[in-house]
Amino acid sequence: MCQVNVLEAKTNFSRLLSMLENKEEDEIIICKNNNPVAKLCLVPKVDISSRIGIAKGKIFIPDLEEFNSVDSEITSDFLGI
């Protein structure tokens with residue numbers, strides 16, 4: 001764990017990020033007037049390729065004719081027809 005003040009964090013932000021990416025530090029505490037105010041840490045990578053298309057085949061999207069027929073059923077339910 002590393003502690004830096006706000007000015008140092010602003011000046012060396014890229015270096016601090018590199019330290020996290022290279023696993024030189026687990027987390028970096030940013031202090032203001034020697035009081036900790038924020039924690040900078042590495043976010044785990046998420047495999048987004050597994051999220052794309054996850055709902056394929058699970059969602060039914062009606063065509064326009066089916067949509068309009070459903071709409072008339074709902075309308076008749078509300079109007080009591």
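Since this is a predicted model, take the numbers as computed values, not measurements.

Chemist: Would you mind going over the side chain of Glu-25 in detail, with residue names and values included?
Modeler: Among the structural elements, Glu-25 can be located in the loop between α2 (13-21) and β2 (27-32). The side chain of Glu-25 is buried and forms no salt bridge, while Arg-15, the nearest opposite charge, is found at 8.0 Å. Among the polar contacts listed, one links the side chain of Glu-25 to the backbone nitrogen of Met-1, at a separation of 3.2 Å. With sequence-adjacent residues up to four places away left out, Glu-25 is seen in contact with Met-1, Cys-2, Met-19 and Leu-20.

Chemist: Please provide a residue-by-residue account of the pairing of strand β3 (residues 35-41), values included.
Modeler: It is a general feature of regular strands that their side chains alternate between the two faces of the sheet. Pairing geometry for β2 and β3, over six bridges, is antiparallel. If you follow Ile-28 over to β3, its bridge partner there is Leu-40.

Chemist: A description of unusual backbone geometry should follow, citing residues and the corresponding values.
Modeler: A positive phi angle, close to 55 degrees, is found at Asn-33, a residue other than glycine. In this fold, Asn-33 is placed in the loop between β2 and β3. Look at Asn-33 and you get exposed, because its relative accessible area is 68%. With a phi angle near 65 degrees, Asn-34 is a residue other than glycine that sits in the positive phi range. Note that Asn-34 resides in the loop between β2 and β3. Assessed through its relative accessible area of 75%, Asn-34 is described here as exposed.

Chemist: Explain the environment of Leu-16 to me, using residue names and the numbers behind them.
Modeler: Examined against the element boundaries, Leu-16 turns out to sit in helix α2. Each C-alpha atom of the pair Leu-16 and Gly-80 lies 66 Å from the other, and the pair is 64 residues apart in sequence. In this structure, Leu-16 is in contact with Val-4, Ala-9, Ile-28 and Leu-40, ignoring residues within four places of it in sequence.

Chemist: Go over the sheet that holds β2 with me, naming the residues and quoting the values.
Modeler: What the three strands build is an open sheet, ordered β1-β2-β3; its pairing is mixed. Pairing within the sheet leaves two strands with one partner each, and these edge strands are β1 (2-5) and β3. Direction aside, the axes of adjacent strands within the sheet are offset by 30 degrees on average. Strand contacts of α2: β1, β2 and β3, with the helix running at about 60 degrees to β3, the strand carrying the most contacts.

Chemist: Break down the pairing of β1 for me, with residues and values.
Modeler: Residues of β1 alternate between two faces, with Cys-2 and Val-4 buried on one and Gln-3 and Asn-5 left unburied on the opposite face. In this structure, β1 lies alongside β2, joined through four bridges in parallel fashion. Bridge assignment links Gln-3 to a residue of β2, and that residue is Ile-29.

Rules of the game
Residues numbered from 1 in each chain as written. Predicted model: local features only at pLDDT ≥ 70, side-chain atom pairs only at ≥ 80, totals over all residues. Heavy atoms only, no water. Helix = DSSP H or I, 4+ residues; strand = E, 2+ residues; numbered from the N terminus. Buried < 20%, exposed > 50% of the residue type's maximum accessible area, 1.4 Å probe, protein only. Lys, Arg positive; Asp, Glu negative; His and termini not counted. Salt bridge = Lys/Arg side-chain N within 4 Å of Asp/Glu carboxyl O. Polar contact = N/O pair within 3.5 Å; in protein donor to acceptor, adjacent residues only side chain to side chain. Contact = heavy atoms within 4.5 Å. Pairing = 2+ DSSP bridges. Axes fitted to C-alpha atoms, helices over the stretch in contact; angles between N-to-C directions.

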